[in-house]
Amino acid sequence: MTASKCIQDVSFSECESSHVGKLHLQINCNSDCIYVLRSMVAVMTTRACMEARQSNRVSIAVDELFANISKHAYGGKAGRVELETFLEVDAHGEQELVFDFRDYASVGWQGSMEEEAERSIDVENLCPGGLGLKLICSAADHCEHEVLSDGNHWRLKFCINNKSL
């Protein structure tokens, strides 16, 4: 089965403004919720007919972003996170799997995802911490962060047609 066939199986153009074909979740940010997130990744990467390697990359990025929100935004304490995931076609006609995260934590990071993606790593002097956003940017095809008046919005996009991963 081709990826375009799979996308058609879950494409609902007549219901574009509805939640048909989307998964939406609101959770308190704690470590055991990672299993729910992994289930969502498995469902959506299966719907997108992604290969196991692609699905694993999606899982790595989603896991790391959730861990960063939990550890850094909420300081390890419970906090509300909303997640929505869906399939879409971008402006160039390419099919993408999108994960939108919304937290309500105070804003602690106001950097640039583009700069994180381009940042070089000093492999001679590696130390724990500081590599999470770089990992997320490496695993996802596109990352966005928006500071909101009451939290953060994070968007991860994964190209479905990219079989070279």
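Below is a short write-up of the structure. Everything numeric here is computed off the predicted structure, so don't read it as measured data.

Below, the discussion takes up the packing of aromatic side chains. Remark: the centre distance and the inter-plane angle together describe each pair of aromatic rings, the angle taken between the planes. Inspection of every chain in the model, using the stated rule, returns one aromatic pair. Taking the centre distance of 6.1 Å and the plane angle of 85 degrees together, the rings of Phe99 and Phe158 count as edge-to-face. You can see Phe99 sitting in strand β3 (residues 95–103) and its partner Phe158 sitting in strand β5 (residues 151–159), a full 59 residues away along the chain. Here Phe158 falls in the buried class, since its relative accessible area comes to 3%. When the ring centre of Phe86 is taken as reference, the NZ or CZ atom of Lys22 above it lies at 5.3 Å.

This paragraph deals with the pattern of salt bridges. Between side chains of opposite charge, a pair can form when the charged atoms approach closely. Enumeration according to the criterion identifies six salt bridges in this entry. The partner of Lys157 in a salt bridge is Glu88, and the shortest N-O contact between them spans 3.8 Å. One end of the pair, Lys157, is in strand β5; the other, Glu88, is in strand β2 (residues 80–89), and 69 residues separate them in sequence. With relative accessibility at 14%, the residue Lys157 sits in the buried group. Arg155 is the partner of Asp100 in a salt bridge, and the nearest nitrogen-oxygen pair spans 2.6 Å. Of this pair, Asp100 sits in strand β3 while Arg155 sits in strand β5, and the two are 55 residues apart along the sequence.

Calculation rules
- Residues numbered from 1 in each chain as written.
- Predicted model: local features only at pLDDT ≥ 70, side-chain atom pairs only at ≥ 80, totals over all residues.
- Heavy atoms only, no water.
- Phe/Tyr/Trp six-rings, centres within 6.5 Å; stacked < 30°, edge-to-face > 60°.
- Helix = DSSP H or I, 4+ residues; strand = E, 2+ residues; numbered from the N terminus.
- Buried < 20%, exposed > 50% of the residue type's maximum accessible area, 1.4 Å probe, protein only.
- Lys NZ or Arg CZ within 6 Å of the ring centre and 35° of its normal.
- Salt bridge = Lys/Arg side-chain N within 4 Å of Asp/Glu carboxyl O.

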